[in-house]
Amino acid sequence: MEATVFNNGGVLTIAAGSRKSHDVKRLQRVQAVMSKPKEKAELQATVYDDGWFSRTAIRHLSQSVQATTGISSSKEGYESFLEVTSLMWRNIKTTDQQHELVLKALQKAFPNYILSLIRRLLPPSKATREFFAIFTTLFFYWLVGPSEVKALEVDGKTERSLVHIKKCRFLVGSNCVGMCTNLCKIPSQKFLKDSFGIPVTMVPNFEDMSCEMKFGVEPPAAEDDPAMKQPCYSFCKLKRRHNKECSNI
């Protein structure tokens, strides 16, 4: 198995040990795929092509984060978003403060009257969970990269409410486990549950940079979540730059 990391127009391909397959029930219980900190990487080329919708959405979210945190960026596009979130991760000292600021930024980006209308029109149900899964794959490509809808067992029944993100753009762009868990996973789970009444569990795979969003599945407590115990990558630039542990516990 290899883990591929996109970074500033390149791809870092890292060899990892092979893994045996697990049965379906075992996969349903996985909360995160942990890996040893990577030591070496091989650079390859890659290109991100953002259309007008993606550029508009990226700019809106980046500006919402900037307005919330007071941190500015002179860069454009996704690089601006990565710079602002990196500075936020470096300068905001506690994870609780980070979670709170991300939630405020999301609330600014998605006004409450819109969220309330969606919740009234789409109350929690199997159909709503499956709708959100499809919506995520179609309209959040710009944030997380390509994804697809897969089957998931919820309350003993199968539904198509799992979003498999093939290679998370935010994780591969930041190369930082702490940014993934504290600026994306934890606040996003809370935001979606509070806004729409639907529990969501995000399961990052730190070996291949993929992620699963499980609509309808309650996330584990932070102290029981393997993702929160994952050490960061040895080549994490933020970890070296500010001498801060990127692992979460």
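For the structure itself, look to the data block above.
I will try to describe carefully the structure that is included in this document. (Residues numbered from 1 in each chain as written. Predicted model: local features only at pLDDT ≥ 70, side-chain atom pairs only at ≥ 80, totals over all residues. Heavy atoms only, no water.)

**Some words on the overall build of the chain**
When its secondary structure is counted, the chain shows 10 helices and seven strands. Counting all 249 residues of the chain, 50% fall into the buried class. For the chain, contacts bridging at least 24 residues in sequence account for 63% of all contacts bridging at least 6. Of the accessible surface of the chain, which amounts to about 13100 Å², a share of 55% is contributed by carbon and sulfur atoms. (Helix = DSSP H or I, 4+ residues; strand = E, 2+ residues; numbered from the N terminus. Buried < 20%, exposed > 50% of the residue type's maximum accessible area, 1.4 Å probe, protein only. Contact = heavy atoms within 4.5 Å. Areas by Shrake-Rupley, 256 points an atom, 1.4 Å probe, with all protein chains shown as cover.)

**Thoughts on the pattern of salt bridges**
The full count for this structure, using the stated rule, is seven salt bridges. Put simply, Asp 225 and Lys 185 hold a salt bridge, and the shortest N to O gap is 3.0 Å. Here Asp 225, found in the loop between strand E7 (211–215) and helix H10 (237–242), pairs with Lys 185, found in helix H9 (residues 177–196); they are 40 residues apart in sequence, far enough to count as distant. Lys 185 matches Asp 225 in its accessibility class, with the two residues each being buried. The closest approach of N and O atoms between Lys 193 and Glu 218, which form a salt bridge, is 3.1 Å. In this pair, Lys 193 is assigned in helix H9 and Glu 218 in the loop between E7 and H10, connecting sequence segments 25 residues apart. (Salt bridge = Lys/Arg side-chain N within 4 Å of Asp/Glu carboxyl O.)

**Some points on the pairing of strand E6 (residues 200–204)**
The element E6 is largely enclosed, with a buried count of five among its five residues. The alternating pattern of E6 places Val 200, Met 202 and Pro 204 and Thr 201 and Val 203 on opposite faces, both of which are buried. Bridge count for E6 against E7 is five bridges, and the pairing is antiparallel. Within E7, the position partnered with Val 203 by the bridge is Glu 212. As consecutive antiparallel partners, E6 and E7 are separated by six residues, and within that stretch Met 209 has a phi angle of approximately 70 degrees, a positive value. (Pairing = 2+ DSSP bridges.)

**A word on a nonpolar patch on the surface**
The grouping of Trp 52, Phe 53, Phe 131, Ile 134, Phe 135, Leu 138 and Phe 139 at the surface amounts to a nonpolar patch, some 730 Å² of accessible area in total. When contributions to the nonpolar patch are tallied by element, the ones reaching two or more residues are helix H2 (52–69) and helix H6 (126–139). The greatest single-element share of the nonpolar patch, amounting to five residues, is contributed by H6. With respect to the helices and strands, Leu 138 occurs in helix H6. For Leu 138, a relative accessible area of 57% translates into the label exposed. (Patch = residues over 30% accessible without salt bridge, like charges linked within 9 Å, V, L, I, M, F, W, Y side chains within 5 Å.)

**A closer look at the packing of helix H4 (residues 95–109) against H9**
It is the contact of H4 with H9, at a shortest axis distance of 9 Å, that shows an interaxial angle of 60 degrees. Between H4 and H9, the angle is such that the two are oblique. In this structure, H4 meets H9 at a crossing whose hand is right-handed. Contact residues: H4 offers Thr 95, Gln 98, His 99, Val 102, Leu 103, Leu 106 and Gln 107, while H9 offers Asn 182, Leu 183, Ile 186, Pro 187, Lys 190 and Phe 191. (Axes fitted to C-alpha atoms, helices over the stretch in contact; angles between N-to-C directions. Parallel < 35°, antiparallel > 145°, perpendicular 65-115°, else oblique. Left-handed = near helix turned anticlockwise from the far one by under 90°.)

**Comments concerning the packing of aromatic side chains**
Evaluated as defined, the whole model comprises 12 aromatic pairs. A ring pair is formed by Phe 53 and Phe 139, whose centres lie 6.2 Å apart and whose planes are at 70 degrees; its orientation type is edge-to-face. Residue Phe 53 is found in helix H2, and its partner Phe 139 is found in helix H6; the two are separated by 86 residues along the sequence. Accessibility expressed as a relative area gives 37% for Phe 53, which makes it partly exposed. Here Phe 135 and Phe 139 contribute two aromatic rings whose centre-to-centre distance is 4.7 Å and whose plane-to-plane angle is 35 degrees, an arrangement assigned as tilted. In this pair, Phe 135 and Phe 139 both sit in helix H6, four residues apart, roughly one turn of the helix. (Phe/Tyr/Trp six-rings, centres within 6.5 Å; stacked < 30°, edge-to-face > 60°.)

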